[in-house]
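Geometric and topological summary
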Amino acid sequence: LERGNQKVQLPEEFISLTCENPPATGRYAMNYLDSRGVTKADILKWKIGFCFEGEFRNRIIIPSFDEDGDCSYFIARSYTGDSYKYKNPRASKDIVFNELFIDWNSDLVLVEGVFDAIRAGNAAPILGSTLRAESKLLRKIVQNDTPVYIALDPDAAKKERKIIEMLLRYDIEMYKVDVSGYEDVAEMPKEVFDERKKNASFINREDYLILDLLSAV
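So, here is what we can say about the structure in this document. (Residues numbered from 1 in each chain as written. Predicted model: local features only at pLDDT ≥ 70, side-chain atom pairs only at ≥ 80, totals over all residues. Heavy atoms only, no water.)

This brings us to helix H4 (residues 136-144). Looking only at H4, the buried set comprises Lys136, Leu137, Leu138, Lys140 and Ile141. Within two residues after H4, Asp145 carries a phi angle of roughly 50 degrees, on the positive side. (Buried < 20%, exposed > 50% of the residue type's maximum accessible area, 1.4 Å probe, protein only. Helix = DSSP H or I, 4+ residues; strand = E, 2+ residues; numbered from the N terminus.)

Ranked by internal contacts, the top residues of the largest apolar core, which has 36 residues, are Ile48, Ile62 and Phe97. When residues of this core are traced back to their parent elements, those giving at least two are helix H1 (27-35), helix H2 (40-46), strand S3 (59-65), strand S4 (71-78), strand S5 (108-111) and helix H3 (114-120). Counting residues per element, this core draws most heavily on H3, which supplies five residues. Residues Leu108, Ile150, Leu152 and Leu168 belong to the second largest nonpolar core, which totals 24 residues. (Core = buried A, V, L, I, M, F, W, Y, C linked by side-chain atoms within 4.5 Å.)

Bringing the environment of Arg132 into the picture now. One can find Arg132 in the loop between strand S6 (123-125) and H4. Sequence separation between Arg132 and Met166 is 34 residues; the distance between their C-alpha atoms is 8.0 Å. With sequence-adjacent residues up to four places away left out, Arg132 is seen in contact with Leu138 and Met166. (Contact = heavy atoms within 4.5 Å.)

Of all seven residues in S3, seven are buried, a share of seventy percent or more. Covered by surrounding structure in S3 are Arg59, Ile61, Pro63 and Phe65 together with Ile60, Ile62 and Ser64, the residues of both alternating faces. Across three bridges, the pairing between strand S2 (residues 49-51) and S3 is antiparallel. The residue of S3 that forms the bridge with Cys51 is Arg59. In this structure, S3 lies alongside S4, joined through seven bridges in antiparallel fashion. When the bridges of S4 are listed, Ile61 appears paired with Ala76. Count of turn residues in the S3/S4 antiparallel hairpin: five residues, of which Gly69 carries a positive phi of about 90 degrees. (Pairing = 2+ DSSP bridges.)

Another point: the pattern of salt bridges. Under the definition given, this model contains twelve salt bridges. Put simply, Lys140 and Glu67 hold a salt bridge, and the shortest N to O gap is 3.4 Å. Note that Lys140 is positioned in helix H4 and Glu67 in the loop between S3 and S4, a separation of 73 residues in sequence. Accessibility expressed as a relative area gives 14% for Lys140, which makes it buried. Across the salt bridge formed by Lys140 and Glu99, the nearest N and O atoms sit 3.3 Å from each other. Placement of the pair is Lys140 in helix H4 and Glu99 in the loop between S4 and S5, with a sequence separation of 41 residues. (Salt bridge = Lys/Arg side-chain N within 4 Å of Asp/Glu carboxyl O.)

To continue, consider the sheet that holds strand S1 (residues 14-16). With respect to topology, four strands assemble into an open sheet ordered S1-S2-S3-S4, the strand pairing being antiparallel. In this open sheet, the two strands that pair with only one neighbour each are S1 and S4. Between one strand and the next, the sheet's axes are offset by a mean angle of 35 degrees, whatever the strand orientation. Docked against the sheet, H1 engages S2, S3 and S4, running at close to 70 degrees with respect to S3. (Axes fitted to C-alpha atoms, helices over the stretch in contact; angles between N-to-C directions.)

This part takes up the sheet that holds S5. Across the sheet, five strands lie side by side as S6-S5-S7-S8-S9; this open sheet has mixed pairing. Both outer strands of the open sheet, S6 and strand S9 (201-202), are each paired with one neighbouring strand and no more. One ladder, built from three bridges, connects S5 with S6; its direction is parallel. When the sheet's bridge partners are listed, Leu110 is paired in S6 with Ala124. The sheet strands contacting helix H5 (residues 157-169) are S5, strand S7 (148-150) and strand S8 (174-176), and the helix crosses S7 at an angle near 165 degrees.

Set out below in structure tokens:
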């Protein structure tokens, strides 16, 4: 049974950056986004904003919208070098981030974080966790039989293996994108990611299980 969708309030101090002329207080936020290769089109699509004061002061705010268009979560990323890069709302991460904009009939890229998802196109971030059998994201993939491209950070091999094993159980068509040479997908120029996705390796169940057994020896 589907559980009810969680609703989260954006911070009271949230200021949108989608307008034609963002406020002067947003200059540093805009500079930060520019340094991450986030375009005006990305800001518009992902409804990105920032907080200049309050609990989430000096943080980029990237909201998530569920299939009904309600805010289900948000990511708050410091743009001033705060020792805590991310500050999350006190809410469950068991959501499909920005489900409103996901096309389940197209292939879906699974990535670690939201900035990776912005770069990857039709993508879902796992928000640093793993993909559990009971998670909403897995249920949606299985229900729609959506082909998946896995593009996790190079240092997340163990987590990646667990996700591949989980998806293999459901006979999901799967490909692995080579992210080597970069810290994560967000670091890649868009054209590099697109090229690597085009050349992604198909994950053959038998070959994968043999390689997994050998790697454990």
